[in-house]
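Per-entry structural report
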Amino acid sequence: MSFIPGQPVTAVVQRIEIQKLRDGDNLILGFSIGGGIDQDASQNPFSEDKSDKGIYVTRVSKGGPAEVAGLRIGDKIMQVNGWDMTMVTHDQARKRLTKKKEDVVRLLITRKSLEEVVRQSMMQH
């Protein structure tokens, strides 16, 4: 997926709903993120476009809520509970994901394999 500033973005997305795991006062999602508009996009190992400052999943805990919900390493998070995540800092993304009042996190993600499936099916028709 290439991104040109100021142009509409087309992406194949998937909805993922993660039920946070309660551990005392903590709510556990079971994944870590990288990226953000305040980070060095050239260091992002998941993006072919080295100017992409999106939020990516960098770690998924085995057996954790995120893995159970279907989240994968390398997924790009487009939305969290309806909030646009395409132009946020790393800290803003972290805060959106870890809100204490929310037991469920609804993500809109995109991943390379989703785009490949759509591209292949379009070529067959």
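We now turn to the structure provided with this report. Keep in mind the model is a prediction, meaning the values are calculated, not measured. (Residues numbered from 1 in each chain as written. Predicted model: local features only at pLDDT ≥ 70, side-chain atom pairs only at ≥ 80, totals over all residues. Heavy atoms only, no water.)

**What to know about the packing of aromatic side chains**
Applying the stated criterion to the full structure yields zero aromatic pairs. Against the face of Trp-83 rests Arg-96, its NZ or CZ located 3.6 Å from the ring centre. (Phe/Tyr/Trp six-rings, centres within 6.5 Å; stacked < 30°, edge-to-face > 60°. Lys NZ or Arg CZ within 6 Å of the ring centre and 35° of its normal.)

**Focus: the environment of Asp-103**
Assignment of secondary structure puts Asp-103 in the loop between α2 (90-97) and β8 (104-110). Classification of Asp-103 by relative accessible area gives partly exposed; the value is 35%. Spatially, the C-alpha atom of Asp-103 lies 6.1 Å from that of Gln-19, the residues being 84 residues apart in sequence. When sequence neighbours within four positions are dropped, the list of residues in contact with Asp-103 reads Ile-18, Gln-19, Lys-20, Arg-22 and Leu-27. A distance of 3.0 Å separates polar atoms of two side chains, one belonging to Asp-103 and the other to Arg-22. (Helix = DSSP H or I, 4+ residues; strand = E, 2+ residues; numbered from the N terminus. Buried < 20%, exposed > 50% of the residue type's maximum accessible area, 1.4 Å probe, protein only. Contact = heavy atoms within 4.5 Å. Polar contact = N/O pair within 3.5 Å; in protein donor to acceptor, adjacent residues only side chain to side chain.)

**Section: the nonpolar core**
Of all hydrophobic cores here, the largest spans 19 residues; its most connected members are Ile-18, Phe-31, Leu-71, Ile-77, Leu-97 and Leu-107. Mapped by element, the contributors of at least two residues to this core are β1 (14-19), β4 (31-35), β5 (55-60), β6 (76-80), α2 and β8. Once residues lying within four places of it in the same chain are set aside, the contact partners of Phe-31 are Ile-18, Val-57, Arg-59, Val-60, Ala-66, Leu-71, Ile-77, Leu-97 and Leu-107. (Core = buried A, V, L, I, M, F, W, Y, C linked by side-chain atoms within 4.5 Å.)

**Notes on the pattern of salt bridges**
Under the definition given, this model contains seven salt bridges. The partner of Arg-106 in a salt bridge is Glu-17, with the nearest N and O atoms 3.1 Å apart. With a gap of 89 residues between them, Arg-106 in strand β8 and Glu-17 in strand β1 connect regions that are remote in the sequence. The exposure class of Glu-17 is partly exposed, given its relative accessible area of 49%. Across the pair Arg-22 and Asp-103 runs a salt bridge, and its minimum N-O distance is 3.0 Å. Here Arg-22, found in strand β2 (residues 21-23), pairs with Asp-103, found in the loop between α2 and β8; they are 81 residues apart in sequence, far enough to count as distant. (Salt bridge = Lys/Arg side-chain N within 4 Å of Asp/Glu carboxyl O.)

**Observations concerning the pairing of β8**
Taken across its seven residues, β8 has six buried, putting it largely inside the fold. For β1 and β8, the ladder comprises six bridges, and the chain directions are antiparallel. Paired with Glu-17 across the bridge in β8 is Arg-106. Direction of pairing for β6 relative to β8: antiparallel, over a ladder of four bridges. By the bridge assignment for β8, Val-80 is matched with Leu-107. (Pairing = 2+ DSSP bridges.)

So yeah, pure geometry; function would need other evidence.
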